[in-house]
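# A look at the structure
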Amino acid sequence: MASSDKDPMLVAIGGLLAMAAGVGVGRFVYTPILPPMVEALSLSKSEAGLIASANFFGYLAGALLAAMRLPGSRRAWLLGSLAMNTFCLTAMGLTTLMPVFLALRLMAGIVSAFILVFSSALVLDRLATSGKGALSAVHFAGVGAGIAASAVLVAMFSEWQVMWFASAAVTAVAGIAIAFLIDPDAATTRVAAKTTPKAISSKFAALLAAYGLFGFGYVITATFIVAIVRGSEEISSLESYIWAMFGLSAAPSVAVWTWLGAKWGTLRAFAFASLVEAIGVAAGAVWLTSIGIVISAVLVGGTFMGLTALGLVAAREDGSGDPRGRLALMTASFGAGQILGPVFAGYVYDRFGGFMLPLLIASLALLAAGVLAIKSSATLRSPA
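Positions within a chain are numbered from 1, following the residues in the order the chain's sequence is written. The predicted nature of this model means local features are confined to residues of pLDDT at least 70 and side-chain atom pairs, given and counted, to a pLDDT of 80 or more, with totals for whole chains, interfaces and linings taken over all residues. To get the side-chain values, take all heavy atoms of the structure and skip hydrogens and water.

### Quick look at the confidence of the model for the chain
- pLDDT measures how confident the predictor is about each residue, on a scale from 0 to 100. Averaged over the chain, the pLDDT score is 86; the fraction of residues at 70 or greater is 90%.
- Residues are treated as being in contact if the distance between any of their heavy atoms lies within 4.5 Å. In this model, residues 187–197 is a region of pLDDT below 50 whose contacts with residues beyond four sequence positions or in other chains number 23 contacts.
- Overall, residues 380–384 carries pLDDT values under 50, and its contacts beyond four positions in sequence, including any with other chains, amount to 17 contacts.

### Considerations on the environment of F216
- Only DSSP runs of H or I covering at least 4 residues are called helices, and only runs of E covering at least 2 are called strands; the numbering of each starts at the N terminus. Take F216: it is sitting in helix α9 (residues 202–231).
- With 88 residues separating them in the primary sequence, F216 and A128 have C-alpha atoms 30 Å apart.

### A closer look at unusual backbone geometry
- Positive phi, normally seen in glycine, also occurs at S42, with a value near 55 degrees.
- Mapped onto the elements, S42 comes out in the loop between α2 (30–41) and α3 (45–66).
- When a residue's accessible area, from a 1.4 Å probe over protein chains only, is under 20% of the maximum for its type it is buried; when over 50% it is exposed; and in between it is partly exposed. A residue is classified by how much of its surface remains accessible, and S42, at 63% relative accessible area, is exposed.

### Some remarks on the nonpolar core
- Core analysis: the biggest nonpolar cluster contains 119 residues, and F28, L78, W164, F214, F270 and F304 have the highest contact counts within it.
- If you tally residues by element for this core, the top one is α9, at 16 residues.
- Look past the residues within four positions of F28 in its chain and what remains in contact with it is V23, V143, I147, Y218, A222, W243 and F304. Among buried residues, those of type Ala, Val, Leu, Ile, Met, Phe, Trp, Tyr and Cys that are joined through side-chain atoms within 4.5 Å constitute a nonpolar core.

### Some remarks on the packing of helix α1 (residues 8–25) against helix α4 (residues 74–92)
- Across the interface, α1 lies against α4 with an axial gap of 10 Å and an inter-helix angle of 40 degrees. Classified by the angle their axes make, α1 and α4 are oblique. Here α1 and α4 pass one another in a crossing that is left-handed. Judged by residue contacts, A18, A21, G22 and V25 of α1 engage L78, L82, N85 and L89 from α4.
- When the residues that make up the contact of α1 with α4 are grouped by side-chain class, the tally is 6 nonpolar, 2 polar and no charged. Only the stretch in contact is used when a helix axis is fitted, and all axes are lines through C-alpha atoms; the angle between N-to-C directions ranges over 0 to 180 degrees. Each angle receives one of four descriptions, namely roughly parallel if under 35 degrees, roughly antiparallel if over 145, roughly perpendicular if within 65 to 115, and oblique otherwise. In this scheme the crossing of two helices becomes right-handed for a clockwise turn of the near helix relative to the far one and left-handed for an anticlockwise turn of less than a right angle. Just so you know the grouping, Ala, Val, Leu, Ile, Met, Phe, Trp, Tyr, Cys and Pro go in nonpolar, Asp, Glu, Lys and Arg go in charged, and all remaining residues, Gly too, go in polar.

### Some remarks on the pattern of salt bridges
- Definition used for salt bridges: Asp or Glu carboxyl oxygen within 4 Å of a side-chain nitrogen of Lys or Arg. In this structure the tally under the stated criterion is 3 salt bridges.
- R230 is the salt-bridge partner of E39, the closest N and O atoms lying 2.7 Å from each other. Here E39 is found in helix α2, whereas its partner R230 is found in helix α9, with 191 residues between them in sequence.
- Of the residues examined, E39 reaches a relative accessible area of 55% and is grouped as exposed.
- Accessibility expressed as a relative area gives 28% for R230, which makes it partly exposed.

### As for the side chain of R75
- Relative to the elements of secondary structure, R75 occurs in helix α4.
- Positive: Lys, Arg. Negative: Asp, Glu. His and the chain ends are not part of the count. Despite its burial, R75 pairs with no opposite charge, the nearest such side chain being D183 at 5.4 Å.
- Nitrogen and oxygen atoms within 3.5 Å of one another constitute a polar contact, given that in protein one can donate a hydrogen and the other can accept it, and given that sequence-neighbouring residues count only through two side-chain atoms. Reaching out from R75, the side chain makes a polar contact with the backbone oxygen of A179 at a distance of 2.8 Å.
- Residues in contact with R75, not counting those within four places in the same chain, are L122, A179, I182, D183 and P184.

### Brief notes about the packing of α3 against α9
- Taken N-terminus to C-terminus, the directions of α3 and α9 make an angle of 135 degrees; their axes are 12 Å apart at the nearest point. Relative to α9, α3 is oriented oblique. Helix-helix and strand crossings are classified by hand; for α3 and α9 the assignment is right-handed. On α9, the residues that touch K45, G49, A52 and F56 of α3 are V219, T223, F224 and A227.

### Here's the deal with the packing of aromatic side chains
- Any Phe, Tyr or Trp ring, taking Trp's six-membered ring, that has another such ring centre within 6.5 Å forms a pair; planes under 30 degrees apart are called stacked, those over 60 apart edge-to-face, and the others tilted. Applying the stated criterion across every chain, the model contains 22 aromatic pairs.
- Ring plane angle 55 degrees and centroid distance 5.7 Å describe the contact between Y211 and F214, whose orientation is recorded as tilted. Here Y211 and its partner F214 are both found in helix α9, 3 residues apart, which amounts to about one turn of the helix.
- By relative accessible area, Y211 is classed as buried at 1%.

### With respect to the environment of L43
- In this fold, L43 is placed in the loop between α2 and α3.
- Spatially, the C-alpha atom of L43 lies 9.4 Å from that of M98, the residues being 55 residues apart in sequence.
- Contact partners of L43, with chain neighbours within four places excluded, come to M37, V38 and I51.

### Re α2
- For α2, built from 12 residues, the straight-helix expectation of 16 Å at 1.5 Å per residue is missed by more than 12%, its first-to-last C-alpha distance being only 15 Å.
- Of all 12 residues in α2, 9 are buried; the element is thus mostly enclosed.
- Here α2 has its buried residues at Y30, T31, P32, I33, L34, P35, P36, M37 and V38.
- Tucked into the core, α2 has its buried residues touching α3, α5 (98–129), α6 (136–155), α7 (160–181), α9 and α10 (239–264).
- Within two residues after α2, S42 carries a phi angle of roughly 55 degrees, on the positive side. A helix's residues, less one, multiplied by 1.5 Å, set its expected span.

Here it is as structure tokens:
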């Protein structure tokens, strides 16, 4: 069946599964597995943050590589990246060596970026061609669905190694389903000849900067929220639930934020979502109670994928032709912010004994991202 004949909903579901396996599980399952890993292996918060940042560094490298003229089809790169993602998850449960952890999470970050860029380019193109662009919300909801699924999965086991193996099994099944749902595209190799814009306008540069600040702003909460809950006696009973709340808030959020983007304008919605997320991040810093941490999980979980989607939609709208280059540049900026966040937060924790300072700085970064988005909103429609 030609890709143009595929039911758009099936294509969107294929995108959802790709985002769930590559990003929701491949990247974010580390968060709920982190506390038992830290306890079993006696890792410091700096070491835990370094492992997280290795993944985010790989994410940055993968985004830059995805912007290049790679041989073969986008679908082939997507399926190959999904297979490598499963391998990296499996291997994480087979070692206790810090250098191997770093290498595996680095590789997992690379393929995670590939999965996001190639699946988004394929799915968004096909949905736009079919006149069903609104189904992009289904595609981006995959991250929240993957996070929620990983929370349930991890809660079923007590050994951190088994958690990695179970996560790998789930992504393997998803990869097989994706191969059936996203068909080969005969036009893929022809559109890959030119993927980067000739020049970057000041408005697009502002969007890139906002996206990088967003990456830094959300990632400390996304990496350490389960560890924060476990480390506080008052709220430790929420450990089994907080990551599921985070993911369940993310799953429907993309539809809400893309609807607001259509109503208000993509970048105005981005700015408002940045403000909401800044409040959520700050709540986890200054209101460490059951109510405060739930608000943090719901607000950050309910905005981070909306912001991801709005930023990528804005980048896709900012030009013509294969959007892979613009998506990759945005993903690279996002990745750069993510690299700094966990290392910075882990260092501050080991030095001062808490996450309040890095979380407050992250909240300020999100406010700055919103200001940059507003600055860009009036004229970003012109090609970069």
